[in-house]
There are 2 protein chains.
Amino acid sequence: MGRPRSFDLNKALDRALHLFWRKGYEGTSLSDLTKAMGINRPSLYAAFGDKEALFRKALERYRGGPAAYTQEALNETTARAVVERLLRGAADLTTAPRNPGGCLTVQGALACSEAGDSIRQELTACRAAGEAAIRRRLEHAKSNGDLPADTDPADLARYVATIVYGIAVQAAGGARRGKLQRVIEMALRTLPL
Amino acid sequence: MGRPRSFDLNKALDRALHLFWRKGYEGTSLSDLTKAMGINRPSLYAAFGDKEALFRKALERYRGGPAAYTQEALNETTARAVVERLLRGAADLTTAPRNPGGCLTVQGALACSEAGDSIRQELTACRAAGEAAIRRRLEHAKSNGDLPADTDPADLARYVATIVYGIAVQAAGGARRGKLQRVIEMALRTLPL
DNA sequence: CAATATTTGTACCGATAGGTATTGAAAGCG
DNA sequence: CGCTTTCAATACCTATCGGTACAAATATTG
C-alpha cells in the first residue's frame, strides 16, 4: 500500500551510472544526479540512500551490465582467448559511442578528497578483485598445461590488468577504438602463449 | 622596495604539487592548499593567481622536476633503451615512497565536474604531447634503422604510453615497485626491438 | 467513503567551496 | 624620521555542497 513510485528504479540508476562514469564520484553533484535521473532529492534518498550508497549501487550495476564481459571472458576455453577477450572487451567498453569514455573503476575516484576516500578504496578493491580473478583463471590454465611452465600467472594477470587500465586512460583522453585495437594487437602478438 | 615575501615560492609550489598529485585538482581545496603551503589565501592569490593557475604552475614544476626523466629517456641512444628507460622511470616515479602514488597527469583530473574541465583538457593534452614526443623519437629511430621496418612508430609509442598509464593506475592503487618491474619485464621481453 | 501508508515537491539546514575587500605590518628610499 | 610600496592577516562575500523537515498528493486497504 501507499503511493507507488512514479519512476523506474533501474532507469534512474542507469542515469546515475552514466553520470558517475563520466564525471567521477566527487565530480558528480546531487543536483546533477536529480536532474539527470528526473527525480527530486528526497526520492533519491528514499530509494537509494545517500550519495555513497547510490554510487555503490551504480558500481554494482556497472559490473553486472557494461562490464559483464569480464565474466564471459574468463569463461573462454584457452588462456589466450581469455586474455584476448579481456583486452578487446576493454577497448570496446571504454570507447563505445553510447557510453562515457573510459572505465568507471578507473576514473570514478583515482584521486580525491578525504570525503571520497571510502569510494576510492572501494574502486581500488574492485580493480584488485578483477585482477585476482584473472590470476586464478590463469593458474587454472597453467595447471592444465595451457600456459608455459616458466610463466607466472600472477605476473601475467598483472600485465593484462595494466594494459586494461592503460586503455581506460587512453579512452578517457579521447582515443578511438581503432587505435586501441592496434595497441591490443601489439600486446597479443608477443604474449608468452 | 616594499615588504619582502616571507615564504619560499618554490617550496610552497612543491607543497601544492604534492597535494594536487595526491588528491587531484578538484579533490584539493584552497584550505588544504593554504594549510600545506603555510601561507594564507590572499598571499596565494597574489603569488600564483587562482586555483587553476596554481595547478598549471604545479604541473609545469612536475614536468621539470619529478617527471623530467622522460626527457632524459628520449635522449637514450637506442629505441630499446628509450622505451626501457621510459617504463622503468614511470615505475620509479609512481611508487617512490617520498611521492604520492601514481602520476599527476593521470590522476590530476581524469574525470571531473564542469568546473575542472579546463584542467582535464590540459592534462589530456599533456599526455598527448608526451606520446607525440615518444612517437617522434621512434620515427627518428626507424629512419636510422633502429626499428624493424614493419613496426609503426605511432603504434609503438601508443603502446608504451598505454603501459605507462596502466602503471600509474596500478601505483595509485598501491602497487609496489617490484610488482611493476615484473610488468615491465614482460613488456620489454616481447617488444619488436 | 474513510483510514493508512508511501512518495512527492518545496523549502530549508549547516558546512564548505573558491575568491576578495580591507586593514595593519614590514621593508626600501629619501 | 616620514613616505611609499608591497605583503600578511582577519574577516567576509556569494554559490554550492550533501542532506533533511514538513506538508501536499496519490495510491491501497477496510
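Residues numbered from 1 in each chain as written. Chains lettered and ligands numbered in written order. Predicted model: local features only at pLDDT ≥ 70, side-chain atom pairs only at ≥ 80, totals over all residues. Heavy atoms only, no water.

**Re the interface of chain A and chain B**
Filter applied, for reference: Any two residues whose heavy atoms approach within 4.5 Å at even a single point are treated as in contact. Buried area: the sum, over both parts, of the accessible surface (1.4 Å probe) that disappears when the two are put together. A side-chain nitrogen of Lys or Arg and a carboxyl oxygen of Asp or Glu constitute a salt bridge if their distance falls within 4 Å. In this text, helices come from DSSP runs of H or I with a minimum length of four residues, and strands from runs of E with a minimum of two, each type numbered from the N-terminal end.
Taken together, the contact pairs 37 residues of chain A with 37 residues of chain B. Both faces considered, chain A and chain B share a buried interface measuring about 3,300 Å² in area, 62% of it formed by carbon and sulfur atoms. With its nearest N and O atoms 2.9 Å apart, the salt bridge here joins Glu114 of chain A to Lys23 of chain B. Of all elements in the fold, only helix H1 (9–23), helix H7 (104–107), helix H8 (117–143), helix H9 (153–172) and helix H10 (177–189) of chain A reach the threshold of two or more residues within the side of chain A that touches chain B.

**With respect to the protein's contact with DNA strand C**
Threshold: Any residue with a heavy atom lying within 4 Å of a molecule or strand is counted as near it. Pairs of N or O atoms are called polar contacts if they sit within 3.5 Å, as long as, within protein, a hydrogen donor faces a hydrogen acceptor (for residues adjacent in sequence, only side-chain-to-side-chain pairs). When residues are sorted by character, Ala, Val, Leu, Ile, Met, Phe, Trp, Tyr, Cys and Pro go into the nonpolar class, Asp, Glu, Lys and Arg into the charged class, and all the rest, Gly among them, into the polar class.
In the vicinity of DNA strand C lie 22 residues, with Ser6 and Asn40 of chain A together with Leu30, Tyr45 and Lys51 of chain B positioned nearest. In DNA strand C, the atoms that sit within 4 Å of the protein are 64% sugar and phosphate, with bases accounting for the remainder. A distance of 2.6 Å separates a phosphate oxygen of DNA strand C from a polar atom in the side chain of Tyr45 of chain B. In the environment of DNA strand C, a phosphate oxygen lies 2.6 Å from a nitrogen or oxygen atom belonging to the side chain of Lys51 of chain B. Put simply, the parts of the chain that give the surface near DNA strand C at least two residues each are helix H3 (41–48) of chain A together with helix H2 (30–37) and helix H3 (41–48) of chain B. Among the elements that make up the surface near DNA strand C, the one with the highest residue count is H3 of chain B (three residues). Within the surface near DNA strand C, the residues separate by chemical class into nine nonpolar, seven polar and six charged.

**A short note on the pattern of salt bridges**
This is how the line gets drawn: Throughout, exposure labels follow a simple rule: accessible area from a 1.4 Å probe, protein chains only, divided by the maximum for the residue type, with under 20% read as buried, over 50% as exposed, and the rest as partly exposed.
By the definition in use, this model includes 28 salt bridges over all chains. For Asp92 of chain A, the salt bridge goes to Arg177 of chain A, with nearest N and O atoms at 2.6 Å. Of this pair, Asp92 of chain A sits in helix H6 (residues 79–95) while Arg177 of chain A sits in helix H10, and the two are 85 residues apart along the sequence. Residue class for Asp92 of chain A comes out partly exposed when judged on its relative accessible area of 31%. Ionic contacts of the salt-bridge type, sharing partners, join the residues Lys23 and Asp32 of chain A together with Glu114 of chain B into one network.

**Structural notes on the nonpolar core**
Here is the rule: Nonpolar core, defined: a set of buried Ala, Val, Leu, Ile, Met, Phe, Trp, Tyr and Cys residues in which side-chain atoms within 4.5 Å join the residues together.
Core analysis: the largest hydrophobic core is formed by 135 residues, its most contacted members being Tyr159 of chain A together with Tyr159 of chain B. Ignoring any residue separated from it by four or fewer positions in sequence, one finds Tyr159 of chain A in contact with Leu191 of chain A together with Tyr159, Ile163, Val183, Met186 and Ala187 of chain B.

**Side note on the protein's contact with DNA strand D**
In the region of DNA strand D, 23 residues are neighbours, and Leu30, Tyr45 and Lys51 of chain A together with Ser6 and Asn40 of chain B sit closest. Considering DNA strand D, the proportion of its atoms within 4 Å of the protein that are sugar or phosphate atoms stands at 67%. Contact distances for DNA strand D include 3.4 Å between a phosphate oxygen and a backbone N or O atom of Thr28 of chain A. At 2.9 Å, a side-chain N or O of Arg41 of chain A approaches a base nitrogen of DNA strand D. Within the residue set of the surface near DNA strand D, elements represented by two or more residues are helix H2 (30–37) and H3 of chain A together with H3 of chain B. Ranked by residues supplied to the surface near DNA strand D, first place goes to H3 of chain A with three residues. In terms of residue class, the surface near DNA strand D is built from nine nonpolar, eight polar and six charged.

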